[in-house]
Amino acid sequence: MSTDSFREMKPVSGPAARGQLARSGPTKPALDAGDSPTAGTGTFQPAGGDRKPVRRKGLSERNRPLWMLIPGGLLMFVIIVVPLFLGIYMSTLNLDQYSLRKWISAPFIGVGNFVEALTDSPLLHSVWLSVSYSLIAMLVTLPLGIAAAVATQNSFKGRALVRSIFLIPYVLPSFVVATVWRTMFQPDGVVNSALGVFGVDGGLWLNGPQTYWTLILVQIWASWPFIYLLALSGLQSVDHEVHEASALDGALWWNKLRYVIFPYLKGPLSLAFLIGMLHHINNFTLPYVLFGVPAPSDVEVLPILTYVTSFQSFRFGLSAAMAFVSLVLIAIPLFIYLRAVKLDDAETPGGKK
C-alpha cells in the first residue's frame, strides 16, 4: 500500500473535521452485540460523558423529609396536646376529692368553673399580681442587663472573670436561689443584720406588706443575667465599621448608644422582654420556696393560687379553669410578638408579602 493511501486513512481533525461532520450530518451510535435493535430509538447520551440520566422522584421519596417529623410530633402530641385537651375537659367538670375516683363521670357544669374563678375567687387579684410584678422586674432588669453588656463588651484585663461572675444568678437553679434568699431574709438573717448597722429596722420580709417587694427584688437578682446575655449578643452583631464611622463623625457616647447601638438591640431585647415576662408569670418555684404555701396574699401569684386550689382545696375542676386562664394570659403577648415579627419580616426587601 502506498504512502498516499496511509495519508487518506489518517483521521481528520480541526476545522476540516467539523466541516466534514456538518456535511455528512449526524451519525447514529453503533449498537453493541447485546443491544436490541430498538435501543437506538431512545434519547442518545454522548459516549464518555459524566452526565447521568435524570430520574424522576416518586411521591414517597419527595415527601421523605416529612417522615422525620413523626417522632417529635408524636412526643409533642402526647406531652402537650393531650394534657391540654384533658385540662380543658376537666375545667368543665365539677371535679373534687369526692368525684376524683371516677372523674370521667363527674358532673358536667360547662363554664361554671370559669364563672366561679372570675367572680368568687382571687383569680383576678392573682393575675394582677403576676403581671405587675413581672412588668416591674423586667423594667428594672432591662437597663441593668444593657449596662452590664456595654461595660463588658470591650476587651479589658479580667473580662472573662467579670462575665463569669455576672452569670452566677442565671446558672443557679431557682430552688437554690429561693432557699438562699429565704435564709438571708429571716428576722435574724444577713439582710436585717446589715440594715441594723445603719440603724434601719428591716422588719418582716417574708410575711406582711413587704413580701411583694421581696419577690420583685429576688426576681430581679435571678433574671437580669438573661437580659445581659441577649444584650451582649446584640452588641456583638454591631459592625465594626459602624463604630468607626460614628467615631469619625464625632458622635458623643449618648448619641452613639441611641442611634448606633440601640437599633441593633431592638430585636434581642424585644425577645428577652417577652420571654422574661412569660417566665415570671409562670414562675412557680421561686415564690413557692421563698414564701411557702399558703403564701401571703400579697404574693399569691397565679401559679401559687392554682396549686393551692388544686392540691389543698382539692377543687381540680376550678384549678383547671384557672390554668386555662393563665394559658390565655400567656398567649396574648406571645401572639402580639409573633404578629409584630411577621410584619417586620414582610416589610424587609427579602421578606414575604
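Our structure's up above, just so we're on the same page.
Cut-offs applied
- Residues numbered from 1 in each chain as written.
- Predicted model: local features only at pLDDT ≥ 70, side-chain atom pairs only at ≥ 80, totals over all residues.
- Heavy atoms only, no water.
- Axes fitted to C-alpha atoms, helices over the stretch in contact; angles between N-to-C directions.
- Helix = DSSP H or I, 4+ residues; strand = E, 2+ residues; numbered from the N terminus.
- Parallel < 35°, antiparallel > 145°, perpendicular 65-115°, else oblique.
- Left-handed = near helix turned anticlockwise from the far one by under 90°.
- Nonpolar A, V, L, I, M, F, W, Y, C, P; charged D, E, K, R; others polar.
- Contact = heavy atoms within 4.5 Å.
- Core = buried A, V, L, I, M, F, W, Y, C linked by side-chain atoms within 4.5 Å.
- Buried < 20%, exposed > 50% of the residue type's maximum accessible area, 1.4 Å probe, protein only.
- Phe/Tyr/Trp six-rings, centres within 6.5 Å; stacked < 30°, edge-to-face > 60°.
- Polar contact = N/O pair within 3.5 Å; in protein donor to acceptor, adjacent residues only side chain to side chain.
- Patch = residues over 30% accessible without salt bridge, like charges linked within 9 Å, V, L, I, M, F, W, Y side chains within 5 Å.
- Areas by Shrake-Rupley, 256 points an atom, 1.4 Å probe, with all protein chains shown as cover.
- Salt bridge = Lys/Arg side-chain N within 4 Å of Asp/Glu carboxyl O.
- Expected span 1.5 Å × (residues − 1).
- Bend = angle between axes of the 7 residues up to and from the residue.

Caption draft 1: Region of the structure containing the packing of helix α7 (residues 123–151) against helix α12 (residues 211–236). Running from N to C, α7 and α12 point in directions that differ by 45°, and their axes come no closer than 6 Å. Here α7 lies oblique to α12, going by the angle between them. Relative to α12, α7 is oriented so that their crossing is right-handed. The class makeup of the residues in the contact of α7 with α12 is 23 nonpolar, five polar and no charged.

Caption draft 2: Broad picture of the environment of F226. Positionally, F226 belongs in helix α12. F226 has contacts with Y170, A272 and I275, leaving out every residue within four places of it along the chain.

Caption draft 3: The arrangement of unusual backbone geometry in detail. The omega angle of the peptide bond from V293 to P294 is 0°, so this bond is cis rather than trans. With respect to the helices, strands and loops of the structure, P294 is situated in the loop between α15 (285–291) and α16 (302–311). Here the phi dihedral of F314 falls at roughly 55°; this positive angle occurs in a residue that is not glycine. Mapping F314 onto the fold places it in the loop between α16 and α17 (316–347).

Caption draft 4: Summary view of the nonpolar core. F185, L215, V218, L290 and F291 are the most contacted members of the largest nonpolar core, which totals 25 residues. Examining the composition of this core, we find that six residues originate from one element, α12, more than from any other. With residues up to four places along the chain from it excluded, the contact list for F291 reads R182, W205, L206, T211, T214, L215, P296 and V299. With 20 residues, the next largest nonpolar core counts W224, A231, V260 and M277 among its residues.

Caption draft 5: Representation of the packing of aromatic side chains in the model. All told, the structure shown has 14 aromatic pairs when counted by the stated rule. Pairing Y170 with F226 gives two aromatic rings, centres 6.1 Å apart and planes at 25°, and the pair type is stacked. In this pair, Y170 sits in helix α9 (residues 168–171) while F226 sits in helix α12, placing the two residues 56 residues apart along the sequence. Given the relative accessible area of 17%, F226 is considered buried.

Caption draft 6: Seen up close, the side chain of N113. Mapped onto the secondary structure, N113 falls in helix α6 (residues 112–119). Accessibility expressed as a relative area gives 2% for N113, which makes it buried. Engagement of the side chain of N113 in a polar contact is seen with the backbone oxygen of L93, the distance being 2.8 Å. Here N113 is in contact with M90, S91, T92, L93, R315, G317, L318 and A321, once residues within four sequence places are set aside.

Caption draft 7: The arrangement of a nonpolar patch on the surface in detail. Taken together, the side chains of L161, I165, I168, Y170, V171, L172, F175, V176, V180, W221 and L229 define a hydrophobic patch exposed on the protein surface, amounting to about 970 Å² of accessible area. For the nonpolar patch, the secondary structure elements donating two or more residues are α8 (159–166), α9, α10 (174–184) and α12. Looking at the element boundaries, V176 is found in helix α10. On the basis of relative accessible area, V176 is assigned to the partly exposed category, the value being 35%.

Caption draft 8: Focus on α12. Taking 1.5 Å per residue as the helical rise, α12 with its 26 residues ought to reach 38 Å, and the 38 Å between its terminal C-alpha atoms agrees with that figure. Of all the bends found along α12, the most pronounced is centred on S223 and spans about 35°, while P225, a proline, follows it within four residues. The element α12 is extensively covered by neighbouring structure, given that 20 of its 26 residues are classed as buried.

Caption draft 9: Just the pattern of salt bridges, in detail. Per the counting criterion, the structure on display carries one salt bridge. Between R315 and E116 there is a salt bridge, with the nearest N and O atoms lying 3.0 Å from each other. With R315 in the loop between α16 and α17 and E116 in helix α6, the pair connects residues that are 199 residues apart, well separated along the chain. A relative accessible area of 23% means that E116 is categorised as partly exposed.

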